[in-house]
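The primary structure of each chain is shown beneath.
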Amino acid sequence: MIETMSKNFFMSLANNKSLNKAAQKWGLNFGAAKVVAGSTIDSAIKAVRDLNNKGIVATLDHLGEFVYTKEEALEATDYCIKTLEAIAEAGVKTGLSIKITQLGLDIDREFCINNIKNILDTAKQHGLFVRIDMEDFSHCQDTIDLTKMFHETYDNVGTVIQSYLHRSLQDVQGLKGIPLRIVKGAYKESPQVAYQEKKDIDDNYLKLVKKHLLNGSYTAIASHDHVLIEKVKQFIKENNIPKDRFEFQMLYGFRKPMWESLVNEGYKMRIYIPFGNDWFGYYMRRLAERPQNVSFAFKGFFSK
Ligand code: FDA
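Residue numbers run consecutively from 1 along every chain, following the written order of its sequence. Where totals are concerned, whole chains, interfaces and linings use all residues; where local detail is concerned, this predicted model gives features only for residues with pLDDT of at least 70, and gives and counts side-chain atom pairs only at 80 or more. Note that the side-chain values use all heavy atoms of the structure and ignore hydrogens as well as water.

*Asks:* Quick one: what's the story with the nonpolar core, residue by residue and with numbers?
*Replies:* Side chains that are nonpolar tend, in soluble globular proteins, to be buried together. To qualify as a nonpolar core, a set must consist of buried Ala, Val, Leu, Ile, Met, Phe, Trp, Tyr and Cys residues joined through side-chain atoms within 4.5 Å. Partly exposed residues are those whose accessible area sits between 20% and 50% of the maximum for their type, while under 20% is buried and over 50% is exposed, using a 1.4 Å probe and protein chains only. Ranked by internal contacts, the top residues of the largest apolar core, which has 77 residues, are I116, F150, I161, F248, M269 and I273. Ignoring sequence-local partners within four residues, the contact set of I116 consists of I98, I100, L103, L146 and F150. Core analysis: the second largest hydrophobic core is formed by 19 residues, V36, F254, W279 and F280 among them. Contacts are residue-level and defined by heavy atoms, with any inter-residue pair within 4.5 Å sufficient.

If you want it as C-alpha cells, here you go:
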C-alpha cells in the first residue's frame, strides 16, 4: 500500500511539466548527481572513460522530456549528433540511447524519421551503435515499427522490450535478428496492457530473454535484480550461449559492486549513463521504482 502510494507520488512528479522545467535551473540536486553523470558532454565522456578503465562499456543518454516543438526536437537531434562526434573524437567505448518523442515523433512522424536517420548516419560513420529506448505504452508500436524500418538499412540500431507488457513475447518473436535490451518497464501502465505483479513481470522477463537468445539474436539483459541475473547466467551456461551473443546492462549509480563482479566473471557489462540538465523526470522514475532509492534524495537534500 505505502509502496503503491510512493510509486504514484514519484510518477506524478515525473510527469509534472512545470517541475521538470524548473528543475533544469536548479542544477543536479537532491542526490541526482549520483545517478546522472553531470550536465555536459565532457562530464559524460569522463564517466565513460572511468568505466572503460575498469573494463566496462556504456551507452549515453542525453536527458530530455516534454518536447513539443520542431525547434526543440532539432536541438535534441543536434545534441545527439554532437555527442556521437565527441564519443568518436575521445575514442571511448560507448553507444547512444535515444527517445523517439525527444526527436519529434508526436510533432511530425516524417520529420522525426529524418532526425533519427541523421543520427544513425553519424553513428554509422563512426562505427557506433544507437539504441531506441522504449517509452510509455502509447509509443510502443511506433518504436517497434520504426526500429524494424531502420534495421532494414542500418545494422547499428536496436531497441528495448518491456516484460511488464502482455504483448512483449509476440514482439520479441517479430524482432528476431534485431539487437534487443530486455527490461521490466519503467512507466505506469494499466492492467489492460501490463502485468502488475512482480512475479508475473519477472516470469515474463525470463521468457523474453530466453526466446531472444534461443532465436540467436543479440540480447542485453538490463536489470539490477540479482535473482533474475543468476537465472539468466544458469540458462546461458546450460544452453552454451556464446559470450558474444549477450551482455548485461545496469544504470549509472546503481549496484556498482555487481558491475565489477560480473566483469570479473568474464561477462560483458554496459552501463547506461544519463546526462544533461533535464534530469528531474528520469530521477523521479528511479525513485518510483525503488522506494529505497529515496534515501539518496534525502541524503542529497540534507547535505546541501
Ligand atoms: P527491480 O527494481 O524490479 O528490483 C528487483 C530486485 O532487485 C529488488 O527487489 C532488489 O532485491 C534488487 N535491487 C534492485 N535494485 C537494487 C539496488 N539499487 N540495490 C540493491 N538491490 C537492488 N525502462 C523502460 O521502460 N524503457 C527503457 O528503455 C529502459 N532502459 C533501461 C536501461 C537499463 C540499462 C536498465 C538497467 C533499465 C532500463 N529501464 C528502462 C528501467 C527498467 O524498466 C526498470 O524500471 C528498472 O531497471 C528496475 O527494474 P530492475 O529489473 O532493475 O529491478
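*Asks:* So, the site of the ligand: which residues are in play, and what are the values?
*Replies:* Nearness is defined per residue: one heavy atom within 4 Å of the molecule or strand is enough. Among the 25 residues in the neighbourhood of the ligand, the closest are listed as K184, G185, S223, H224 and E289. The side chain of Q162 places a nitrogen or oxygen atom 2.8 Å from an oxygen atom of the ligand. Each polar contact in these results corresponds to two N or O atoms within 3.5 Å; when the atoms are within protein, one needs to be able to donate a hydrogen and the other to accept it, and residues that are neighboring in sequence are counted only if both atoms are side-chain atoms. The separation between a nitrogen atom of the ligand and a polar side-chain atom of R255 is 3.3 Å. When isolated, the ligand has an accessible area of 950 Å², and the protein chains bury 83% of it. Helical segments are the DSSP runs of H or I of at least four residues, strand segments are the runs of E of at least two, and each set is numbered from the N terminus. For the shell around the ligand, the elements supplying multiple residues, two or more each, are strand 4 (157-162), strand 5 (180-183), strand 7 (246-251) and helix 11 (280-289). For the shell around the ligand, the class distribution of residues is 10 nonpolar, six polar and nine charged. Working definition of accessibility: Shrake-Rupley area with a 1.4 Å probe, residue cover restricted to the visible protein chains. Following the grouping adopted for this structure description, the nonpolar residues are Ala, Val, Leu, Ile, Met, Phe, Trp, Tyr, Cys and Pro, the charged ones are Asp, Glu, Lys and Arg, and the polar ones are all others, Gly among them.

*Asks:* Outline the pattern of salt bridges, listing residues and values.
*Replies:* In the sections that follow, a salt bridge refers to a side-chain nitrogen of Lys or Arg positioned within 4 Å of a carboxyl oxygen of Asp or Glu. The final tally for this structure, using the stated rule, is 17 salt bridges. The shortest N-O distance in the salt bridge between K198 and D202 comes to 2.7 Å. With K198 and D202 both in helix 8 (residues 198-214), this residue pair falls four residues apart, about one helical turn. The class for K198 is exposed, based on a relative accessible area of 51%. Each member of the salt-bridge network shares a partner with another, and the members are D61, K99, D133 and R181.

*Asks:* Which residues make up the environment of L214, and what values go with them?
*Replies:* For L214, the position within the fold is in helix 8. As a C-alpha pair, L214 and F129 span 85 residues in sequence and 23 Å in three-dimensional space. Aside from chain neighbours lying at most four places away, what touches L214 is F235, N239 and I241.

*Asks:* Would you mind going over the packing of helix 4 (residues 70-90) against helix 5 (residues 109-125) in detail, with residue names and values included?
*Replies:* Viewed as axis vectors pointing N to C, helix 4 and helix 5 meet at an angle of 10 degrees, and their least axial separation amounts to 9 Å. Relative to helix 5, the element helix 4 is oriented roughly parallel. Between helix 4, through K70, A73, L74, T77, C80, I81, L84 and E85, and helix 5, the contact on the second element is made entirely by F111, N115, N118, I119, T122 and A123. For the contact of helix 4 with helix 5, the residue count by class is eight nonpolar, four polar and two charged. Axis angles are defined between N-to-C directions and span 0 to 180 degrees, where every axis is a line fitted to C-alpha atoms and, for a helix, only to the segment in contact. In what follows, roughly perpendicular refers to angles from 65 to 115 degrees, roughly parallel to angles under 35, roughly antiparallel to angles over 145, and oblique to any angle outside these ranges.

*Asks:* Could you give an account of the packing of helix 5 against helix 6 (residues 140-151), naming the residues involved and the relevant values?
*Replies:* A packed helix pair is summarised by two numbers, namely the angle formed by the two axes and the spacing between the axes. With their axes 12 Å apart at the nearest point, helix 5 and helix 6 run at an angle of 50 degrees to one another. With respect to their mutual orientation, helix 5 and helix 6 come out oblique. Here helix 5 and helix 6 pass one another in a crossing that is right-handed. Every residue of helix 6 that contacts helix 5 at R109, I113, I116, K117 and L120 is listed here: D142, D145, L146, M149 and F150. In this scheme the handedness of a crossing depends on how the near helix is turned from the far one: anticlockwise by less than a right angle means left-handed, clockwise means right-handed.

No statement about biological role is implied by the geometric values presented.
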